Amino acid sequence: MVKHIILWTLKSELSEEEKMTVKAGIKEGLEGLVGKVPGLIDAKVHIDGRLASSNADVMLDSTLESEEALKGYAVHPAHVAVANGKVRPYTAQRSCLDFEI
């Protein structure tokens, strides 16, 4: 199995209200991919409880069946739609860590 962890920082020009709306959309979109994207076992998006010591706004913690499933997830039309519609337009920075478990 593979863990796919992403941290995003939202664009600074977004108001706090806009950030809340964007984070909720990211959570709904990415968590909704479970059962739609082959090989995606679990996806949890963390948007609440952020401490002042954090330097990211949103975290995706997902589990996939294999590295091949991760490659398929990256190009799956449902994932691409969420990434292009709910994530990329609103994020300034992205960090990724993929590893086998």
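A.B. asks: So what exactly am I meant to see when it comes to a nonpolar patch on the surface here?
C.D. replies: Together, M1, I41, L97, F99 and I101 make up an exposed nonpolar region whose accessible area comes to about 480 Å². Looking at where I101 falls in the secondary structure, it is placed in the segment after β4 (91–100). A relative accessible area of 54% places I101 in the exposed class.

A.B. asks: Would you explain the pattern of salt bridges in this entry?
C.D. replies: Side chains carrying opposite charge are able to pair once their charged atoms draw close together. Within the structure shown, the criterion is met by 5 salt bridges. A salt bridge links K19 to E16, with the shortest nitrogen-to-oxygen separation between them at 4.0 Å. One end of the pair is K19 and the other is E16, both in helix α1 (residues 16–31) and 3 residues apart, which spans about a single turn. Classification of K19 as buried rests on a relative accessible area of 14%. E16 gets classed as exposed once you look at its relative accessible area, which sits at 58%.

A.B. asks: Can you help me understand the nonpolar core in this one?
C.D. replies: In summary, soluble globular proteins display a tendency toward joint burial of nonpolar side chains. Grouped together as the largest cluster of nonpolar side chains are 22 residues, with contacts concentrated most on W8, I26, L30, L60 and Y73. Those elements giving two or more residues to this core turn out to be β1 (2–10), α1, β2 (40–46), β3 (58–64), α2 (67–75) and α3 (77–87). It is β1 that contributes the most residues to this core, 4 residues altogether. The residues contacting L60, other than those within four sequence positions of it, are H4, I5, I6, W8, L30, A43, K44, V45 and Y73.

Calculation notes
Residues numbered from 1 in each chain as written. Predicted model: local features only at pLDDT ≥ 70, side-chain atom pairs only at ≥ 80, totals over all residues. Heavy atoms only, no water. Patch = residues over 30% accessible without salt bridge, like charges linked within 9 Å, V, L, I, M, F, W, Y side chains within 5 Å. Areas by Shrake-Rupley, 256 points an atom, 1.4 Å probe, with all protein chains shown as cover. Salt bridge = Lys/Arg side-chain N within 4 Å of Asp/Glu carboxyl O. Helix = DSSP H or I, 4+ residues; strand = E, 2+ residues; numbered from the N terminus. Buried < 20%, exposed > 50% of the residue type's maximum accessible area, 1.4 Å probe, protein only. Core = buried A, V, L, I, M, F, W, Y, C linked by side-chain atoms within 4.5 Å. Contact = heavy atoms within 4.5 Å.

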